[in-house]
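As a plain string of letters, each chain reads:
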Amino acid sequence: MELGIAGKTAIVCAASKGLGRGCAMALAKEGVKLVISARGAEALEATAAELRALGADVTTVQGDVTTEEGRAALLAACPNPDILVTNAGGPPPGDFASFTLDDWRRAVEANMLTPIALIQATVRGMVERGFGRIVNITSASVRAPIPSLELSNGARAGLTGAVSALARKVAAHNVTINNLLPGPFDTDRIRGNWTRAAETTGRSLEEVGRESIKHIPAKRLGRPDEFGATCAFLCSDKAGFITAQNILMDGGGYPGTM
Ligand code: NAP
């Protein structure tokens, strides 16, 4: 399918690895010009090299997107993106009783206020130009809370609520805002969670992995390229009538009928 976005410009946040990288790869294959960010230079430049090998025009911005300086650098490199994919690292697991208010502030800053600030800075230009696609990478925890990830459950639900009315306000200008909700995907983040679980329970990494996958109806983890393909479709010319949606990619894990 021709997605009709060749030559458009996209900011993809937190894109040197994992899901952000999957989105950048898929957009590069559609001929989108990319501005990608991450804190670590090495993986960022390695991903940029892979994207350029696909023929993409890529600018890298090294920095922490959850800080004002990091966002300013990203927006200076690309003040008028046609496509914005928001993403950042997720908050740490833990227990509600032991989280401090500062833990909550960090989670809200990273996973709610950061995407809101980037959307605020870019959505007006999208409206003026009559084209815009915003995809927020959130989490399956927005649909069904994950007990150990209360910081994520809260901050991401806040973002979802915050953009829901805005999506309706800008829809008439061919600007869409959707949230992509990953369940378990095969990235460093999930491997890190498994390693911590193995260390704390004394089980092997393989055992922890097998146990986690057992509960996924698809009996496997999702792949970042599958996630990226869905993101690219949502960013496409073809997806202009899809907005204000929360699209769950979890291999069937969510137990509800709808
Ligand atoms: P990942 O494999 O660990 O990759 C994270 C990427 O984000 C890396 O490129 C990392 O590079 C970059 N990054 C992290 N914090 C950043 C920051 N503050 N500023 C700029 N770049 C930053 O993680 P992932 O699995 O792709 O997860 C992406 C998001 O989806 C996270 O919020 C995660 O919680 C959420 N999620 C993931 C899953 C899953 O199964 N994978 C499920 C539900 C939700 P640097 O470290 O160099 O900055």
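Residues numbered from 1 in each chain as written. Predicted model: local features only at pLDDT ≥ 70, side-chain atom pairs only at ≥ 80, totals over all residues. Heavy atoms only, no water.

As annotated in an unreviewed UniProt entry, the protein carries the name SDR family oxidoreductase and comes from Rhodovarius crocodyli. According to the UniProt record, the Sequence similarities (unreviewed entry) comment for the protein reads "Belongs to the short-chain dehydrogenases/reductases (SDR) family." (UniProt positions renumbered as here; feature names shortened; annotations may be inferred.)

A. Geometry of the overall build of the protein. Summing up its helical and strand segments, the protein has eight helices and seven strands in all. For 258 residues, the compact-globule formula gives about 18 Å, and the C-alpha radius of gyration of the protein, at 18 Å, lands near that figure. Taken along its principal axes, the extent of the C-alpha atoms in the protein is 55 × 40 × 40 Å. Split into buried and exposed, the 258 residues of the protein put 44% on the buried side. By sequence separation, contacts in the protein at least 24 residues apart represent 71% of the contacts at least 6 residues apart. Here the protein has roughly 12,300 Å² of accessible surface; of this, 55% comes from carbon and sulfur atoms. Between the mean site of the 27 positive side-chain charges and the mean site of the 26 negative ones, the protein shows a separation of 4 Å. (Helix = DSSP H or I, 4+ residues; strand = E, 2+ residues; numbered from the N terminus. Rg over C-alpha atoms; globule rule 2.2 N^0.38 Å. Buried < 20%, exposed > 50% of the residue type's maximum accessible area, 1.4 Å probe, protein only. Contact = heavy atoms within 4.5 Å. Areas by Shrake-Rupley, 256 points an atom, 1.4 Å probe, with all protein chains shown as cover. Lys, Arg positive; Asp, Glu negative; His and termini not counted. Charge placed at Lys NZ, Arg CZ, Asp CG, Glu CD.)

B. Main features of the pattern of salt bridges. Inspection of the entire model under this criterion finds 11 salt bridges. For Asp102, the salt bridge is made with Arg105, and the minimal N-O distance between the two is 3.0 Å. Placement of both Asp102 and Arg105 in helix α4 (residues 101-129) is noted, with a separation of three residues, approximately one turn of the helix. Glu226 is the salt-bridge partner of Arg220, the closest N and O atoms lying 2.8 Å from each other. Overlapping salt bridges bring together Arg220, Arg223, Asp225 and Glu226 as one network. (Salt bridge = Lys/Arg side-chain N within 4 Å of Asp/Glu carboxyl O.)

C. Fine view of the packing of aromatic side chains. Within this structure, the stated rule accounts for three aromatic pairs. On the numbers, 5.3 Å between centres and 80° between planes, the contact of Phe185 with Phe227 is edge-to-face. Residue Phe185 is located in the loop between β6 (175-182) and α6 (188-201), and its partner Phe227 is located in helix α8 (residues 224-234); the two are separated by 42 residues in the primary sequence. With a relative accessible area of 0%, Phe227 lands in the buried category. Three or more aromatic residues joined by ring pairs make a cluster, and in this case those are Phe96, Phe99 and Trp104. Positioned above the aromatic ring of Phe131 is the side chain of Lys8, whose terminal nitrogen or guanidinium carbon lies 4.2 Å from the ring centre. Taking NZ or CZ as reference, Arg143 lies 4.3 Å from the ring centre of Tyr254, over its face. (Phe/Tyr/Trp six-rings, centres within 6.5 Å; stacked < 30°, edge-to-face > 60°. Lys NZ or Arg CZ within 6 Å of the ring centre and 35° of its normal.)

D. Structural context of the packing of helix α1 (residues 18-29) against α8. The contact between α1 and α8 brings their axes to 7 Å, and the two run at 55°. The pairing of α1 with α8 is recorded here as oblique in orientation. Considering the relative orientation of α1 and α8, their crossing is right-handed. Where α1 abuts α8, its residues Gly18, Leu19, Gly22, Cys23, Ala26 and Leu27 lie against Pro224, Phe227, Gly228, Ala229, Cys231 and Ala232. Residues belonging to the contact of α1 with α8 are distributed by class as follows: nine nonpolar, three polar and no charged. (Axes fitted to C-alpha atoms, helices over the stretch in contact; angles between N-to-C directions. Parallel < 35°, antiparallel > 145°, perpendicular 65-115°, else oblique. Left-handed = near helix turned anticlockwise from the far one by under 90°. Nonpolar A, V, L, I, M, F, W, Y, C, P; charged D, E, K, R; others polar.)

E. Spotlight on the nonpolar core. Among the nonpolar cores identified, the biggest contains 34 residues, and Val12, Leu27, Leu34, Ile36, Leu51, Ile83 and Val85 are the most heavily contacted of them. Contributions of two or more residues to this core are made by β1 (9-12), α1, β2 (33-38), α2 (41-53), β4 (83-86), β5 (132-137) and α8. Per-element accounting of this core gives the leading share, seven residues, to α1. Setting aside its immediate chain neighbours within four residues, Leu34 contacts Ala10, Val12, Ala24, Leu27, Ala28, Leu51, Ala56, Asp57, Val58 and Thr59. (Core = buried A, V, L, I, M, F, W, Y, C linked by side-chain atoms within 4.5 Å.)

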